[in-house]
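Descriptive structure summary
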Amino acid sequence: MTTTAVPFHVAAFEGASTRPYWLDRPTAPARRPPLRGPATCDLAIVGGGFTGLWAALHAKQDDPSREVVVVEADAVAEGASGRNGGFVEASLTHGLENGLRRFPDEIELLERLGHENMAGLEAFIDRHGIEADYEKTGMLIVAREPHEEVELREHAEQLRGFGYDARYLDGDGVREEVDSPTYRGALWQRTGSAIVDPARLAWGLAGAAESLGVRIHEGSPVDALRSTPGGVELRTGGATLRARRVILATNGFPPLMRSIRRYIVPVYDYVLVTEPLSADQRAAIGWRNRQGIGDAANQFHYYRLTTDGRILWGGYDAIYHFGGEVRRAYDQRPATFAKLAGHFFTTFPQLEGIGFSHRWGGAIDTCSRFCAFFGTAHRGRVAYALGFTGLGVAATRFGARVMLDLLSGQPTELTQLEMVRSKPVPFPPEPLAYLGVQATRWSLAQADRRSGRRNLWLRALDAAGMGYDS
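Keep in mind it's a predicted model, so treat the numbers as computed, not measured.

**Details of the packing of aromatic side chains**
Scanning all chains against the criterion turns up 23 aromatic pairs. Arranged with centres 5.8 Å apart and planes meeting at 80 degrees, the rings of Phe 87 and Tyr 302 form a pair that is edge-to-face. One end of the pair, Phe 87, is in strand 3 (residues 87-89); the other, Tyr 302, is in strand 14 (residues 301-305), and 215 residues separate them in sequence. You'll find Phe 87 and Tyr 302 in the same group, each marked buried. Between Arg 25 and the ring centre of Tyr 21, over which it is positioned, the NZ or CZ distance is 5.0 Å. When the ring centre of Trp 54 is taken as origin, the NZ or CZ atom of Arg 397, which lies over that ring, is 5.4 Å away.

Set out below in structure tokens:
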């Protein structure tokens with residue numbers, strides 16, 4: 001009986017931990033106790049990720065006497081906040097091009113607000129001494145195909161027009177920065193982009209919130225929400241929490257209110273992390289400036305270095321499960337890990353032989369305009385922000401501020417924004433949602449193979465306001 005040899009790129013991840021690298025730390029904080037018995041507060045926040053934690057911090061800074069309670073189904077940072085790549089972007093609109101396409105009349109204001117928001121995040125980290133390995137490295141968007149070179153040259157000029165430090169690098173120039181035989185050129189965006197350890201950032205935000213008097217209860221999934229005289233009641237297990245106001249910060253998990261479920265679909269994204277690179281391996285690829293990196297293709301990879309010298313490598317596949325289900329079992333997908341590993345060694349053939357220490361996945365709260373949307377319910381007592389679509393590390397701070405402004409009932413600069421007052425195009429019901437996502441994935445892959453040319457399906461989505469362009 002003969003056995004088939006396991007391909008080296010598959011063997012490279014077979015023994016990897018299924019725990020997200022960021023969360024697989026002995027320094028992770030101890031679990032906080034769940035909510036028990038009836039309780040009351042001024043503001044209840046559902047969700048202990050970035051959105052919920054920033055909302056808690058803003059609320060206590062606005063009014064230190066306000067009683068704020070965060071209820072988290074699992075533990076702080078166990079959702080998207082601890083499973084992402086740790087890329088921090090000033091843009092609130094999932095990139096300048098998407099913002100120009102969707103909010104042309106207020107893009108200058110949105111850009112200013114985005115940079116102010118990122119500066120506020122950096123100042124908060126410094127002020128509170130949060131050790132989250134925040135690095136202002138900038139971002140490289142690399143071209144692997146001729147048409148991508150043209151697009152990136154144009155985008156560099158566009159970014160400079162909005163005040164970014166951005167320049168185009170030819171093939172030799174980008175390979176001097178990071179050496180891959182697949183690179184034809186790159187856009188180096190030197191400002192408005194950074195990298196961070198997302199779990200340590202979330203844990204630091206939680207600690208800062210608790211120091212201000214916020215109560216955080218983990219292991220407390222909320223399964224019901226209803227209006228009461230003068231407020232809202234949340235039910236979690238055998239406990240109830242009554243609040244004057246509520247913020248929903250549930251990201252890709254099914255929203256508690258059915259009325260907003262049609263605006264998001266949970267799309268699964270997957271990540272590999274290598275073992276620490278040796279000195280010779282680092283020398284073979286360069287990467288002295290530690291930029292975050294992303295592909296210019298529709299189906300793109302994102303990757304970066306960690307502080308202990310590993311490479312985090314994710315993206316490309318975007319997997320939607322029929323009915324929008326979110327399950328822990330979906331966090332592992334060997335077929336996608338094999339695809340990612342193969343692409344990794346194509347990009348860095350000089351690293352053949354290195355193994356992967358961690359592999360995981362998680363759901364992204366995707367909406368049809370690819371940036372957050374906002375709203376209120378229950379007669380203005382409940383606010384929500386959803387649909388960050390994978391770029392929420394910084395934008396969630398802005399989203400938290402918007403929700404508190406909406407709950408105040410008073411008009412502000414933020415509540416008057418078209419971005420805040422409008423909604424994305426909703427997704428159709430099943431089975432159309434599933435069929436539409438699959439058709440879009442296939443069409444985007446075709447566009448990448450056809451020099452970026454978009455087929456009839458993608459052009460129809462563009463016309464309907466649901467078009468995607470990385």
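**Points about helix 7 (residues 198-211)**
Here helix 7 is 14 residues long and its end C-alpha atoms lie 20 Å apart, about the 20 Å a rise of 1.5 Å per residue gives. In terms of residue burial, helix 7 counts as a mostly covered element, since ten of its 14 residues are buried. For helix 7, the full list of buried residues reads Pro 198, Ala 199, Leu 201, Ala 202, Trp 203, Gly 204, Leu 205, Ala 206, Ala 208 and Ala 209. Buried positions along helix 7 lie against helix 2 (50-62), helix 4 (107-128) and strand 8 (215-217). Two or three places before Ala 199, at the start of helix 7, stands the capping residue Asp 197, its side-chain oxygen 3.3 Å from that residue's backbone nitrogen. Once helix 7 finishes, Gly 213 follows within two positions and takes phi at roughly 105 degrees, a positive value.

**Overview of helix 4**
In this model, helix 4 (22 residues) spans 31 Å end to end at C-alpha, consistent with the 32 Å of a helix rising 1.5 Å per residue. Listing the buried residues of helix 4 in full gives Ile 107, Leu 110, Glu 111, Leu 113, Gly 114, Asn 117, Met 118, Gly 120, Leu 121, Glu 122, Phe 124 and Ile 125. Note on helix 4: the residue one or two positions beyond its end, Gly 129, has a positive phi of about 60 degrees.

**Quick notes on the nonpolar core**
Of all hydrophobic cores here, the largest spans 70 residues; its most connected members are Leu 205 and Ile 247. Take this core: its biggest share by element is eight residues, from helix 7. What Leu 205 contacts, discounting residues up to four positions off in sequence, is Phe 50, Leu 53, Trp 54, Leu 57, Phe 124 and Ile 130. With 35 residues, the next largest nonpolar core counts Val 178, Tyr 303, Tyr 330 and Phe 356 among its residues.

**Quick notes on the pairing of strand 9 (residues 224-228)**
Sheet topology places strand 9 next to strand 10 (residues 231-236); five bridges connect them, and they run antiparallel. Counted as the bridge partner of Arg 226 is Glu 233 from strand 10. Counted along the chain from strand 9 to the antiparallel partner strand 10, the turn is two residues long, and its residue Gly 230 has a positive phi close to 85 degrees.

Conventions we followed
Residues numbered from 1 in each chain as written. Predicted model: local features only at pLDDT ≥ 70, side-chain atom pairs only at ≥ 80, totals over all residues. Heavy atoms only, no water. Phe/Tyr/Trp six-rings, centres within 6.5 Å; stacked < 30°, edge-to-face > 60°. Helix = DSSP H or I, 4+ residues; strand = E, 2+ residues; numbered from the N terminus. Buried < 20%, exposed > 50% of the residue type's maximum accessible area, 1.4 Å probe, protein only. Lys NZ or Arg CZ within 6 Å of the ring centre and 35° of its normal. Expected span 1.5 Å × (residues − 1). Contact = heavy atoms within 4.5 Å. Polar contact = N/O pair within 3.5 Å; in protein donor to acceptor, adjacent residues only side chain to side chain. Core = buried A, V, L, I, M, F, W, Y, C linked by side-chain atoms within 4.5 Å. Pairing = 2+ DSSP bridges.

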